[in-house]
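# Examination of the molecular architecture
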Amino acid sequence: MSELEPLAVLREAPAAAWALPGELRRLYGGDLALPGRCLYANFVASIDGVVAIPSLAGSNALISGKSEADRFVMGLLRAAADLVLIGSGTLRASPAGRWRAETVYPPAAEAYGTLRRELGYEASPRVAIVTASGAIPPEHPVLADSAIVLTTERGAARLDGELPAVAEIVVLPGEAEVDVRAAVDLLHGRGHGRILSEAGPHVFGSLVEAELVDDLFLTVSPLLAGRGDTAFALVEGVTLLPDRTRPALLRSVRAHGSHLFLHYALSVDVRP
Ligand SMILES: NC(=O)c1ccc[n+]([C@@H]2O[C@H](COP(=O)([O-])OP(=O)(O)OC[C@H]3O[C@@H](n4cnc5c(N)ncnc54)[C@H](OP(=O)(O)O)[C@@H]3O)[C@@H](O)[C@H]2O)c1
């Protein structure tokens, strides 16, 4: 049982949500509207849109202001996922990360486990890592969790014989970058229905550009970060305005103190 004050629901658009186990429902202030086959992303950003300062160790925690509610929501979204997708930049930034729900917010571990059993999922989501170059640390602990490495011919050649036997290397189209459409098609085709992207802003940019992201869960942390030269905004590496983007649909707004929790549908066409 968690001591966390429940999130306040400021707006909730009607949607076909499925019921969360009682404790998660109480803390989240409702249910989750995520279809059985979807790709949803989760980020925490400062008020000025900064999501990472790679030169600063632990920048995610700094940006979130160490919000307990943000960790609860991150755990909830992991618990609802069949698979978590990350990029090599995110892998390198979390040398001990295993992208598990119970690790990010231990007080809800039991409830997260109940949710996963109800969804028919294994105890933890599988993790897939996107890397074109294959420049990932072979000793990273998530690779020993049967991770899937989605890479190119070049990346596979570099990683040949380097990874734990349980890690799977899959060669996909692409040279400088992995073809993210091929990656997502492969994962869905293998039966991974709900895919959570916890990739950083470069892979997220490629996913958005390819119109592969259905939903975005965005925590706005009440901080101004400043960009300087090294900070990353939510989307990096692609230009979307004016022609390659469209308005998102705001599904829900929650608050916890001065943190805002926004849920957008990106794949719904809301143009008049
Ligand atoms: N605030 C948040 O909520 C949040 C969420 C996630 C991550 N982060 C932070 O973001 C930072 C990492 O950002 P990032 O953008 O470097 O991470 P990323 O998007 O996870 O990884 C980027 C790397 O993926 C590889 N890649 C392969 N195919 C790609 C494609 N089609 N498009 C783009 N990249 C492709 C590239 O490296 P190679 O091909 O050379 O391997 C690229 O440098 C870390 O500090 C992390 O902690 C913050």
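Our subject is the structure that appears above.
Residues numbered from 1 in each chain as written. Predicted model: local features only at pLDDT ≥ 70, side-chain atom pairs only at ≥ 80, totals over all residues. Heavy atoms only, no water.

## Regarding the overall build of the chain
Scanning the chain for helices and strands turns up nine helices and 12 strands. A compact globule built from 272 residues would reach a C-alpha radius of gyration of about 19 Å, and the chain, at 18 Å, matches this within 12%. Counting the 272 residues in the chain, one finds 51% classified as buried. Long-range contacts, defined here as pairs at least 24 residues apart, represent 68% of the contacts in the chain between residues at least 6 apart. For the chain, the exposed area adds up to about 12,500 Å²; of that, 54% sits on carbon and sulfur atoms. Between the mean site of the 24 positive side-chain charges and the mean site of the 32 negative ones, the chain shows a separation of 2 Å. (Helix = DSSP H or I, 4+ residues; strand = E, 2+ residues; numbered from the N terminus. Rg over C-alpha atoms; globule rule 2.2 N^0.38 Å. Buried < 20%, exposed > 50% of the residue type's maximum accessible area, 1.4 Å probe, protein only. Contact = heavy atoms within 4.5 Å. Areas by Shrake-Rupley, 256 points an atom, 1.4 Å probe, with all protein chains shown as cover. Lys, Arg positive; Asp, Glu negative; His and termini not counted. Charge placed at Lys NZ, Arg CZ, Asp CG, Glu CD.)

## Points about the layout of surface pockets
Looking at the second largest pocket, its volume works out to about 490 Å³. In terms of lining, the second largest pocket is formed by 19 residues, of which the most central are V208, L240, T245, R246 and L266. For the lining of the second largest pocket, the per-class residue count stands at 12 nonpolar, two polar and five charged. (1 Å grid on protein atoms, 1.4 Å probe; cavity = no way out; pocket = protein on both sides within 12 Å on 5 of 7 lines; lining within 4 Å. Points joined across faces, edges and corners; volume = space filled by probe spheres on them. Nonpolar A, V, L, I, M, F, W, Y, C, P; charged D, E, K, R; others polar.)

## As for the environment of H263
Take H263: it is sitting in strand β12 (residues 259–265). Residues H263 and L10, spaced 253 residues apart in sequence, show a C-alpha to C-alpha distance of 12 Å. The residues touching H263, leaving out its near neighbours within four places in the chain, are A33, D215, L216, F217, L249, L250, R251 and S252. Reaching out from H263, the side chain makes a polar contact with the side chain of D215 at a distance of 2.6 Å. (Polar contact = N/O pair within 3.5 Å; in protein donor to acceptor, adjacent residues only side chain to side chain.)

## Observations concerning the sheet that holds β12
Spatial ordering of the open sheet is given by β1-β11-β12-β9-β2-β8-β4-β5-β6-β7, a layout of 10 strands whose pairing is mixed. Two strands lie at the open edges of the sheet, namely β1 (8–12) and β7 (168–171), each paired on one side alone. Put simply, the sheet's adjacent strands are angled 20° from each other on average, direction ignored. Of the pairings in the sheet, the one linking β1 to strand β11 (residues 249–256) comprises four bridges and is antiparallel in character. Among the inter-strand pairings, V9 is bridged to a residue of β11, identified as R254. Taken strand by strand, helix α3 (residues 68–79) contacts β2 (38–46), β8 (194–197), β9 (215–221), β11 and β12, and its axis lies near 165° from that of β2. (Pairing = 2+ DSSP bridges. Axes fitted to C-alpha atoms, helices over the stretch in contact; angles between N-to-C directions.)

## Concerning the pairing of strand β5 (residues 126–130)
A large share of β5 lies buried, amounting to four of its five residues. The pairing of strand β4 (residues 83–87) with β5 spans five bridges and is classified as parallel. Across the sheet, residue L83 finds its bridge partner in β5, namely R126. Pairing of β5 with strand β6 (residues 148–151), which is carried by three bridges, proceeds in the parallel orientation. Residue pairing for β6: I129 is matched across the bridge by V149.

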